[in-house]
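Chains, contacts and geometry: an overview
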Amino acid sequence: MTTWKRIAGITLAISAATAALLGGAVVYTGLYDVSATSQHTAFVYHLLETSLRRSVKLRTSGTEAPALEDPARMVNGFRHFRAHCVQCHGAPGVAPQPFALGLTPAPASLVEAARQWSAAETYWIIRNGIKMSGMPAWQYRMSDQEIWDVVAFMKILPALSPADYKSWDSRHAPMPAQKAEASTDASQEPRLGDAVAGQKALQQYLCATCHVIPGIVGANRHVGPPLAGIADRQYIAGVLPNTPTNMVRWLRDPAKVDPLSAMPDLGLSEQDARDIAAFLHTLRDGE
Ligand code: HEC
Ligand code: HEC
């Protein structure tokens, strides 16, 4: 190795170590203000924006959008937009709900977003959500078809005046209330449970906010029993024999099994419940 390469290497290593130490010190001393009332510094905001753009680009390069010009598609997309998006993002002439005004980063108007992102990118953002912002992932709450419908509606959103939006609102009745039957189309027969899909799904139903679950990082204010070794337990919640079918029953409607249970009905689809049951079945004692 030549001398200049060695010097460059040492300089880089020292700079990296100094940066890591400084960053660590800011975190550890509590200097970074986590309150939602203090905006991100321009540097952090720029970092988040760039990460978002690059990350979405990398993950959507091969995605082809289906035909989106179908008016029926737009109407269905509007219904979902009205039910799930306007609360945070607002719409022409419609303000977001009070809770959304307190979010940092603040949810942007989607009129502008619809212009900036391609259809495939918008689809990806809606389906996967954005970590460390308030943007939820919708893939466990909406089918792929429905997400594309929202994208179709967002394509015409920039052209709607407040009066147009109002007239969409009065012409298209809200969706009938329905139990989430997402990730797969409701017409499809659910397949056998898949533990890997279950481990992923479980993070989208708040399970780890109430249970310590091996392999899942999450909040640690647990009000439910730890799930380590659940596969070896004889009974679920002390009353229901621990079989795969019973586990699916329990996960989809705990109150039906035990009316006094504090475990809520989280709106799991049949498929997600099967996948999660398959994952729980891998949690044996001593692991
Ligand atoms: C709980 C509040 C909340 C809900 C509900 C919500 N979003 Fe978001 N959304 C956010 C926040 C916060 C961000 C990140 C800040 C930003 O860039 O707007 C975001 C970002 C986005 C972005 C990227 C915007 C950009 O250009 O940076 C899109 C697109 C988006 N949301 C679409 C949707 C759609 C469509 C829905 C409904 C299916 C939805 N959001 C529901 C809070 C929300
Ligand atoms: C709001 C808190 C909460 C959430 C969220 C929650 N649970 Fe529970 N869970 C509980 C409580 C409390 C119990 C004990 C109920 C009882 O015994 O009646 C329980 C019991 C269970 C049991 C039976 C445990 C045993 O030892 O018999 C399983 C399995 C379970 N939960 C899995 C899940 C999964 C998977 C999710 C996510 C889909 C989830 N829970 C989400 C609170 C929660």
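Residues numbered from 1 in each chain as written. Chains lettered and ligands numbered in written order. Predicted model: local features only at pLDDT ≥ 70, side-chain atom pairs only at ≥ 80, totals over all residues. Heavy atoms only, no water.

1. Points about the coordination of the iron atom of ligand 1
Within the protein, the atoms that donate to the iron atom of ligand 1 are His89 (NE2) and Met135 (SD), at distances of 2.0 to 2.2 Å. With six donor atoms in place around the iron atom of ligand 1 and angles of 86 to 178° between them, the coordination shape is octahedral. Here histidine 89, found in helix α4 (residues 86-89), pairs with methionine 135, found in the loop between α7 (119-128) and α8 (144-156); they are 46 residues apart in sequence, far enough to count as distant. (Donors = N, O, S within 2.8 Å, 3.2 Å for Na, K, Ca; no water. Tetrahedral: all angles 85-135°; square planar, octahedral: opposite > 155°, others 65-115°. Helix = DSSP H or I, 4+ residues; strand = E, 2+ residues; numbered from the N terminus.)

2. Re the coordination of the iron atom of ligand 2
Bound to the iron atom of ligand 2 are the protein donor atoms His211 (NE2) and Met263 (SD), situated 2.0 to 2.1 Å from the metal. Each of the six donor atoms around the iron atom of ligand 2 contributes to a set of angles spanning 86 to 178°, which defines the coordination as octahedral. Residue histidine 211 is found in the loop between α11 (207-210) and β1 (235-236), and its partner methionine 263 is found in the loop between α13 (254-257) and α14 (270-280); the two are separated by 52 residues along the sequence. A relative accessible area of 11% places histidine 211 in the buried class. (Buried < 20%, exposed > 50% of the residue type's maximum accessible area, 1.4 Å probe, protein only.)

3. Here we look at the domain arrangement of the protein
Splitting the protein by domain gives domain 1 (3-32), domain 2 (60-171) and domain 3 (195-280). Taking only C-alpha atoms into account, the centre of domain 1 sits 41 Å from that of domain 2. (Domains from an automatic or database assignment.)

4. What to know about the pattern of salt bridges
As enumerated under the stated definition, the model contains 10 salt bridges in all. The partner of arginine 53 in a salt bridge is glutamate 49, with the nearest N and O atoms 3.6 Å apart. Of the two residues, arginine 53 and glutamate 49 both sit in helix α2 (residues 42-60), four residues apart, roughly one turn of that helix. Among the salt bridges present, the one from arginine 73 reaches aspartate 149, with a minimum N-O distance of 2.6 Å. Taken as a pair, arginine 73 in helix α3 (residues 71-84) and aspartate 149 in helix α8 lie far apart in primary sequence, 76 residues in all. Overall, aspartate 149 belongs to the buried group, its relative accessible area being 3%. Taken together, the shared-partner salt bridges in this structure form one network comprising Arg252, Glu270 and Arg274. (Salt bridge = Lys/Arg side-chain N within 4 Å of Asp/Glu carboxyl O.)

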